[in-house]
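# Summary of structural features
Below are the chains, spelled out letter by letter.
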Amino acid sequence: MRTRHVGAATLAALTALTLAACGGGDVGGGDGGDGGDSSDGGGDSIKIGIKFDQPGLGYQDGSEYTGFDVDVATYVADKLGYSEDQIEWVEAPSANRETMLQTGQVDMIFATYSITDERKEQVAFAGPYFVAGQDLLVAEDNSDITGPETLEGKNLCSVTGSTSAQRIKDEYAEGVQLVERPGYAECVTALTAGQVDAVTTDDIILAGLAGQDANKGKVKVVGNPFSEERYGVGLPQDNEVCEDVNSAIQEMIDDGSWEEFVMSNTEGTGYEPNADQNPPTPDACA
Ligand code: GLU
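Residues numbered from 1 in each chain as written. Predicted model: local features only at pLDDT ≥ 70, side-chain atom pairs only at ≥ 80, totals over all residues. Heavy atoms only, no water.

## Some details on the packing of helix 2 (residues 68-79) against helix 8 (residues 242-254)
- It is at 9 Å that the axes of helix 2 and helix 8 come closest, and there the two elements cross at 120 degrees. For the element pair helix 2 / helix 8, the angle class is oblique. Relative to helix 8, the crossing made by helix 2 is right-handed. Residues Val72, Tyr75, Val76 and Lys79 of helix 2 pack against Val245, Ala248, Ile249, Glu251 and Met252 of helix 8.
- Residues that form the contact of helix 2 with helix 8 fall into these classes: 7 nonpolar, no polar and 2 charged. (Axes fitted to C-alpha atoms, helices over the stretch in contact; angles between N-to-C directions. Helix = DSSP H or I, 4+ residues; strand = E, 2+ residues; numbered from the N terminus. Parallel < 35°, antiparallel > 145°, perpendicular 65-115°, else oblique. Left-handed = near helix turned anticlockwise from the far one by under 90°. Contact = heavy atoms within 4.5 Å. Nonpolar A, V, L, I, M, F, W, Y, C, P; charged D, E, K, R; others polar.)

Next up, the structure:
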């Protein structure tokens, strides 16, 4: 009974959120603009932003969406009263995430999205639900790049709008040539083509890309993380769901689902989450 009650309350909150977002600016998506319901098929739906090109995290495989972020999002959406077929998956590239939340193109984002004070000026976060660390991906036979201090004179690829690119500019800019791409898969292509010496972003993202058949035996993760990336659920600043999302995350951790999602999505990559930092406890909502 209690669950149903919470679900209904949350549904109302989310409907309000969708309406508010619609009023703020009509930007594509499935909503008609007038009325509150989504126009695509009757019941309410929820638009969730994920990555489409990060295997093991957020990945589009034909009409299927897979990965840890997809599993976490599906679990949380279910607790909020949305079944899997009510979820509309929307690609949320690193550089577009804040804008997509501000304009109502998505209701929530689960996309390896680090909680930072700078981003909190534009959006809100529930979570964290995972903690990763920035690392480096290099060619399998590379032995001179062992950490961020060994990048002098090297060409490095990262993604526009990410904390990964920003940290290189802020802390390691001297002597490093940074190339920015819209996604990490493009960076890995540049690496295997010999156009850059390394790719940098979160270790779990790099592990997923390195584990792809096309890249196996060609690249390796250095394994020397140099930041703490706390993955949050991106929400519009003005939202009423943060507490419910946090409760869902806590339940996911407590009932063993979190562990199952981590294991099944990192299987075969050799990746292990930092056990001192995982699973994390969600922050209080602002
Ligand atoms: N977690 C980092 C960020 O939020 C890097 C991964 C990404 O670009 O999604 O910027």
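## Description of the nonpolar core
- Counting residues in hydrophobic clusters, the biggest one holds 55 residues, and the most contacted among them are Tyr129 and Phe130.
- Looking at which element gives the most residues to this core, the answer is helix 2, with 7 residues.
- Listed in part, the 11 residues of the second largest apolar core include Ile109, Ala111, Ile115 and Val123. (Core = buried A, V, L, I, M, F, W, Y, C linked by side-chain atoms within 4.5 Å. Buried < 20%, exposed > 50% of the residue type's maximum accessible area, 1.4 Å probe, protein only.)

## As for the state of the cysteines
- Scanning all chains against the criterion turns up 2 disulfides.
- Two residues share a disulfide in this structure: Cys157 and Cys187, whose sulfurs sit 2.1 Å from each other. The disulfide joining Cys157 to Cys187 has a torsion of about -70 degrees about its S-S bond and is therefore left-handed. Taken together, the residues span a long stretch of sequence, with Cys157 in strand 9 (residues 155-159) and Cys187 in helix 6 (residues 184-192) at a distance of 30 residues.
- Classification of Cys157 as buried rests on a relative accessible area of 0%.
- With a sulfur-sulfur separation of 2.1 Å, Cys242 is cross-linked through a disulfide to Cys285. (Disulfide = S-S within 2.5 Å.)

## Here's the deal with the sheet that holds strand 2 (residues 53-54)
- Pairing is antiparallel across the open sheet formed by 3 strands, whose spatial order is 2-3-4. On the outer flanks of this sheet lie strand 2 and strand 4 (64-66), each paired with one strand and no other.
- Direction of pairing for strand 3 (residues 58-61) relative to strand 4: antiparallel, over a ladder of 3 bridges. Along strand 4, the bridge assignment pairs Asp61 with Glu64. (Pairing = 2+ DSSP bridges.)

## With respect to the packing of helix 2 against helix 9 (residues 257-266)
- Two elements in contact, helix 2 and helix 9, have axes whose closest approach is 9 Å; the angle formed by their N-to-C orientations is 155 degrees. Comparing their axes, helix 9 and helix 2 come out roughly antiparallel. Handedness of the crossing formed by helix 2 with helix 9: right-handed. In this structure, helix 2 uses Phe68, Asp71, Val72 and Tyr75 to contact helix 9, whose residues at the interface are Ser257, Trp258, Phe261, Val262, Ser264 and Asn265.
- Broken down by class, the residue content of the contact of helix 2 with helix 9 amounts to 6 nonpolar, 3 polar and 1 charged.

## Considering the site of the ligand
- Within the structure, the ligand sits among 17 residues, and Ser94, Thr112, Ser114, Tyr184 and Asp202 are positioned closest to it.
- Between the ligand and Tyr184, the relevant distance is 2.6 Å, taken from an oxygen atom to a side-chain nitrogen or oxygen of the residue.
- Computed on the free molecule, the ligand has an accessible area of 280 Å², of which 100% lies beneath the protein chains in the complex.
- At the level of secondary structure, the elements contributing two or more residues to the shell around the ligand comprise helix 5 (163-171), strand 11 (198-202) and strand 13 (229-235).
- Its residues placed into classes, the shell around the ligand shows 5 nonpolar, 7 polar and 5 charged. (Near = heavy atom within 4 Å. Polar contact = N/O pair within 3.5 Å; in protein donor to acceptor, adjacent residues only side chain to side chain. Areas by Shrake-Rupley, 256 points an atom, 1.4 Å probe, with all protein chains shown as cover.)

## Remarks on the sheet that holds strand 12 (residues 219-221)
- Read from one edge to the other, the open sheet built from 5 strands follows the order 10-9-11-8-12, with strand pairing classed as mixed. The sheet terminates laterally at strand 10 (177-181) and strand 12, the two strands that pair on one side only. Strand-to-strand, the axes of this sheet are offset by a mean angle of 30 degrees, without reference to chain direction.
- The pairing of strand 9 with strand 11 spans 2 bridges and is classified as parallel. Directly across from Leu156, in strand 11, lies its bridge partner Ala198.
- Its contacts with the sheet put helix 5 on strand 8 (134-139), strand 9, strand 10 and strand 11, and the angle it makes with strand 10 is roughly 160 degrees.
- Packed onto the sheet, helix 7 (residues 203-210) meets strand 8, strand 11 and strand 12 and runs at close to 125 degrees relative to strand 11.

## Thoughts on unusual backbone geometry
- The omega angle of the peptide bond from Gly127 to Pro128 is 15 degrees, so this bond is cis rather than trans.
- Inspection of the secondary structure assignment puts Pro128 in strand 7 (residues 124-132).
- Put simply, Asn278 and Pro279 share a cis peptide bond, and its omega is -15 degrees.
- Turning to its location among the elements, Pro279 is positioned in the segment after helix 9.
- In the Ramachandran plot, Thr112 falls in the positive-phi region, its phi being about 45 degrees despite a non-glycine side chain.
- Residue position: Thr112 is located in the loop between strand 6 (108-109) and helix 4 (117-120).
- Thr112 sits in the buried class, given a relative accessible area of 5%.

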